[in-house]
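A look at the structure
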Amino acid sequence: MSDSFTQQFLQLVRRIGNQLNRKVAEVLLILTNYKSSGSLGAIAGFALAIIFTWKFLKPSKKPRINQRKPVGSSDPRNASSSVTQADEVSYSTELDRIDELHPPLKLTLGELVRKKLHGSRKITCQLLGVILEEETPEELKEHATVRSSVVEVLWEISKTCDVYLMDRIIDDESGERVLLALENAGLFEAGCLTRDKVLFCSTENGRTSFIRQLEPDWHVDSNPEIVSQLSRFIRYQLYISPTGSPITGSNIFSSTSLDSYLTE
């Protein structure tokens, strides 16, 4: 409030007070001689002055805020904190209602795969320990089993990428077992994979040479030495380790399985 406004207000109060004093004096005079003329007018003037003064000086009512008072609490110091807690609970409840009516969008498997592959068009992947349950070439001499968890993921990858699967084998019969296992898993159906994109070699150096010649956007492997060797040539690599232990490199990612990484 400015000083000039304060002075004007005080002057008005003084004038009202003086007027009130004069009216009181007139009433006292009337009480001593109530039969004198003009007594009714003086009384009316006095009443009007009292009403005017009361209306002018009475405190204005502030709008009441509808606040919830905690049950059993009478300490005014807790009022603000109680209202805040009530507001927070109410706000949280409203957010829950919004989530129920409009739940966050959940990405499909295909959307998750495309997001993780960053728009890549070609991917090479080791068979042993990644696509197959077996982890050594010696095991393939007896059997070959496709991991059930990777079948749907491979289908989604094949929709946007050329997929090449490869590994080292000891004999031709092992290669035939691998191809049969892939076929039985339905991975050769409707162009998901093709037989000519499943490659076999007899040494790890041969596998490394395959990968470099294909120049993929991504390579997936469980051999840390090959992953390290290819880090300069491949844009992205996924190192599959049972423990999820990482390999140093800005373009090397680590996971316990192919499907875990693409669906996280």
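Residues numbered from 1 in each chain as written. Predicted model: local features only at pLDDT ≥ 70, side-chain atom pairs only at ≥ 80, totals over all residues. Heavy atoms only, no water.

**Observations concerning the overall build of the protein**
When you go through the protein residue by residue, the secondary structure sums to nine helices and six strands. The buried share of the protein, taken over its 264 residues, is 34%. Looking at the protein alone, contacts between residues at least 24 apart form 53% of all its contacts between residues at least 6 apart. Of the roughly 17500 Å² of accessible surface on the protein, a fraction of 54% belongs to carbon and sulfur atoms. (Helix = DSSP H or I, 4+ residues; strand = E, 2+ residues; numbered from the N terminus. Buried < 20%, exposed > 50% of the residue type's maximum accessible area, 1.4 Å probe, protein only. Contact = heavy atoms within 4.5 Å. Areas by Shrake-Rupley, 256 points an atom, 1.4 Å probe, with all protein chains shown as cover.)

**Regarding the confidence of the model for the protein**
Put simply, the protein has an average pLDDT of 78, and 61% of its residues get 70 or more. Ranking the helices and strands of the protein by mean pLDDT puts strand E4 (residues 218-221) first, with 98, and helix H3 (residues 79-101) last, with 53. Note on residues 34-38: pLDDT is under 50 here. Beyond four places in sequence and across chains, it has one contact. (pLDDT = per-residue confidence, 0-100.)

**A short note on the side chain of threonine 208**
Here threonine 208 shows up in helix H7 (residues 204-214). Owing to a relative accessible area of 11%, threonine 208 belongs among the buried residues under this scheme. Apart from the residues within four sequence positions on either side, threonine 208 is in contact with Ile226, Gln229 and Leu230.

**Regarding the environment of glutamate 264**
By the secondary structure assignment, glutamate 264 is in the segment after helix H9 (258-263). Since its relative accessible area comes to 63%, glutamate 264 is described here as exposed. Separated by 151 residues in the primary sequence, glutamate 264 and valine 113 have C-alpha atoms spaced 9.6 Å apart. In contact with glutamate 264, other than residues within four places in its own chain, are Leu112, Lys116 and Ser255.

**Observations concerning the pairing of strand E2 (residues 162-168)**
For E2, a buried count of five out of seven residues is recorded, marking the element as mostly surrounded by other parts of the structure. Pairing geometry for strand E1 (residues 122-126) and E2, over five bridges, is parallel. In the strand pairing of E2, glutamine 126 is matched with methionine 166. Bridge count for E2 against strand E3 (residues 198-201) is four bridges, and the pairing is parallel. Among the inter-strand pairings, aspartate 167 is bridged to a residue of E3, identified as phenylalanine 200. (Pairing = 2+ DSSP bridges.)

**Describing a negative patch on the surface**
A surface patch of negative charge is lined by Glu133, Glu135, Glu138 and Glu139. Here glutamate 139 shows up in the loop between E1 and helix H5 (148-158). (Patch = residues over 30% accessible without salt bridge, like charges linked within 9 Å, V, L, I, M, F, W, Y side chains within 5 Å. Salt bridge = Lys/Arg side-chain N within 4 Å of Asp/Glu carboxyl O. Lys, Arg positive; Asp, Glu negative; His and termini not counted. Charge placed at Lys NZ, Arg CZ, Asp CG, Glu CD.)

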